[in-house]
Amino acid sequence: MPSNQNLQEESIYNLIPQEKVIPPKPPRYESKFKETAKEEIKKVKQDHRTMGYAKEPVQKPTEYLKAHEKEPKLPEPQKTGRVNQPAKPSVPHPVKDRPLLGVKTNKNFISQNAVDTIMAVPRKPEKNFVDTRKGDKFKLEPSGLEPVYVKKKTFGTVPTYLIERNEERAKFKAEYEAYMQEYFKKGAMRTMSDGERDAILQGLKQNWDDLHHAFQSLSVSIDTLPKKMKKEKLESEMKALEKDIDLLQRHQLIYIAD
């Protein structure tokens with residue numbers, strides 16, 4: 001048999017017909033879960049699940065399809081009518097129920113209408129508003145432009161929950177002041193009264209006004225050392241006064257040691 005090297009090159013041996021070698025087919029693929037799937041299918045199998053009845057029931061010869069047998073049957077008609085409502089009166093007879101003719105009355109309708117008009121209560125004009133140049137008008141009350149809430153009975157009164165909250169706050173403040181007074185009596189301290197606090201605030205504000213006036217009186221050009229020192233001194237004193245004023249305004253209770 002010629003070698004691979006001879007097959008690749010031109011040779012006389014290539015003219016000899018050779019038998020074709022057919023490789024064997026690989027084994028067919030089978031899932032390893034094949035047996036398990038078969039058992040599961042047998043377990044859940046039911047009659048006429050997908051392919052109809054296991055045994056199709058055969059009808060008797062006398063049970064053949066008759067005419068109009070598969071048409072839908074309507075329910076039996078019921079009596080219709082009004083429930084718990086009296087019947088309307090019949091139409092009057094054109095001869096028997098003819099109204100009386102020629103009946104006259106002595107009532108003066110002109111004077112009666114005048115009296116009714118005089119005694120009638122004048123009608124209140126409707127409140128409308130116009131929002132277009134064509135004169136389209138709409139009612140004012142449902143529009144939200146009129147304060148309807150002021151007509152309520154409870155308008156202007158303090159709500160109940162606010163009254164209760166203020167009472168609780170005043171009670172708590174009184175208890176706290178009583179406790180603090182008793183506590184500071186032992187330490188020889190007292191609270192500053194409102195008059196003293198107002199007097200100190202007025203004095204501090206007056207001092208700040210004086211310093212501010214002096215600050216505004218400074219020259220525009222500060223080019224010497226004494227002028228700079230004076231300006232810095234006024235600014236520092238004004239900041240200190242502002243700090244003291246803010247402290248007194250923020251705290252309502254201030255304790256002083258005698």
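The structure displayed is predicted, hence computed values, not measured ones.

Bringing the overall build of the protein into the picture now. Tallying secondary structure elements over the protein gives six helices and four strands in all. In the protein, the order of α-helices and β-strands from amino to carboxyl end is α-α-α-β-β-α-β-α-α-β. Out of the 258 residues in the protein, the part that is buried amounts to 6%. For the protein, restricting intrachain contacts to residue pairs at least 6 apart in sequence, the fraction spanning at least 24 positions comes to 48%. If you sum the accessible surface of the protein, you get close to 26400 Å²; carbon and sulfur atoms cover 56% of it.

A cluster of nonpolar side chains, contributed by Phe172, Tyr176, Tyr179, Tyr183 and Leu253, occupies part of the molecular surface with about 560 Å² of accessible area. For tyrosine 183, a relative accessible area of 48% corresponds to the partly exposed category.

Over the atoms, a rolling probe the size of a water molecule traces out where space has been left empty. Approximately 170 Å³ is the volume attributed to the largest pocket. Looking at the lining of the largest pocket, the element that brings in the most residues is helix H4 (residues 160–186), giving four residues. When grouped by side-chain class, the residues that make up the lining of the largest pocket number four nonpolar, four polar and three charged.

With that out of the way, let us pick up a positive patch on the surface. On the surface, Arg28, Lys34, Lys38 and Lys42 cluster together to form a positively charged patch. Position of lysine 34 relative to the elements: it lies in helix H2 (residues 34–44). According to the relative accessible area criterion, lysine 34 is partly exposed, its value standing at 36%.

What counts and what doesn't
- Residues numbered from 1 in each chain as written.
- Predicted model: local features only at pLDDT ≥ 70, side-chain atom pairs only at ≥ 80, totals over all residues.
- Heavy atoms only, no water.
- Helix = DSSP H or I, 4+ residues; strand = E, 2+ residues; numbered from the N terminus.
- Buried < 20%, exposed > 50% of the residue type's maximum accessible area, 1.4 Å probe, protein only.
- Contact = heavy atoms within 4.5 Å.
- Areas by Shrake-Rupley, 256 points an atom, 1.4 Å probe, with all protein chains shown as cover.
- Patch = residues over 30% accessible without salt bridge, like charges linked within 9 Å, V, L, I, M, F, W, Y side chains within 5 Å.
- Salt bridge = Lys/Arg side-chain N within 4 Å of Asp/Glu carboxyl O.
- 1 Å grid on protein atoms, 1.4 Å probe; cavity = no way out; pocket = protein on both sides within 12 Å on 5 of 7 lines; lining within 4 Å.
- Points joined across faces, edges and corners; volume = space filled by probe spheres on them.
- Nonpolar A, V, L, I, M, F, W, Y, C, P; charged D, E, K, R; others polar.
- Lys, Arg positive; Asp, Glu negative; His and termini not counted.
- Charge placed at Lys NZ, Arg CZ, Asp CG, Glu CD.

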